[in-house]
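Structural characterization, general
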Amino acid sequence: MARIAYDRADAAAFATTRHLDEDQAGAWRDAVRAHLNPGPGTHLVDVGSGTGSWARNFGRWFPGIRVTAVEPSAAMRDRSMVRPVADGDAAALPLPDASVDAAWLSTVIHHVPDLDAAARELRRVLRPGGTVLIRSAFAGRHEGITLFRWFPEAVRVLRSFPGVEQVTAAFGRAGFTVTALEQVPQVTAPSLADVAATLRREAHTPLQLITDAEYEAGVARLNQAALTETGPVIDHLDLLVLRGTG
């Protein structure tokens, strides 16, 4: 069971406010190319594909790549900008053994209730030497994410997320080794004023799991700061790269 259910309201908020366009996500394109170098015929599974923005970007960035989108939430699948989208999750992927070259999990790992089961399932569907790329906010590594400046209470929620050590241990037991851990910059919004104007609580798991009073206090701090701060909002999320042995 995920931390939140991702109903229609959540999916609508996610589709409206959480997509990064190709320019905003350019550093992620470069990071994926550096660690995977996908080309024609590469088969990648987007696990927890949400409303499909990453699957779409991969198709645009890397001509000839084959992307299989897998998403457990019916509301998210209904909102997806790519088709088809398979029903499944990290522990139950609708794919044959040794059928994909890489797996992408973006802001998904904290919704996975059994990391060991997910790691074993990814090892099953990946070809020998296949790559797992996990984009995430990990417990204890929030300093580069703007959201937590205005909603410091949400750090409490982040502490309940899996840490890097917990994730790497689970994947290690399934036969993966860590090849990289790096922070990747992204242009989340053109300005803080834009963040304040478009913020949707339903689109952010940490904001859904703080109290109403804590959320309202954070909105007030954000709105006040947006009156004076200028320039683009640049966040840094982690990319954890693991590779199967054998």
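Higher on the page you've got the structure.
Residues numbered from 1 in each chain as written. Predicted model: local features only at pLDDT ≥ 70, side-chain atom pairs only at ≥ 80, totals over all residues. Heavy atoms only, no water.

We now examine unusual backbone geometry. Between Arg-83 and the following residue, Pro-84, the backbone shows a cis peptide bond with an omega angle of -5 degrees. Inspection of the secondary structure puts Pro-84 in the loop between α4 (74–79) and β3 (85–86). The phi torsion at Asn-37 lies on the positive side, around 50 degrees, for a residue other than glycine. Following the sequence through the fold, Asn-37 ends up in the loop between α2 (26–35) and β1 (43–47). Assessed through its relative accessible area of 56%, Asn-37 is described here as exposed. (Helix = DSSP H or I, 4+ residues; strand = E, 2+ residues; numbered from the N terminus. Buried < 20%, exposed > 50% of the residue type's maximum accessible area, 1.4 Å probe, protein only.)

Before going further, it helps to examine the sheet that holds strand β5 (residues 126–136). The mixed open sheet is built from seven strands, whose spatial order is β3-β2-β1-β4-β5-β7-β6. Strands with a single pairing partner mark the edges of an open sheet, and in this sheet they are β3 and β6 (176–189). The sheet contact formed by strand β4 (residues 100–106) and β5 spans six bridges and is parallel. From the neighbouring strand, Leu-105 faces β5, where its bridge partner is Ile-134. Strands in contact with helix α8 (residues 164–173) are β5, β6 and β7 (233–244); relative to β6, the strand with the most contacts, it is inclined by about 140 degrees. (Pairing = 2+ DSSP bridges. Contact = heavy atoms within 4.5 Å. Axes fitted to C-alpha atoms, helices over the stretch in contact; angles between N-to-C directions.)

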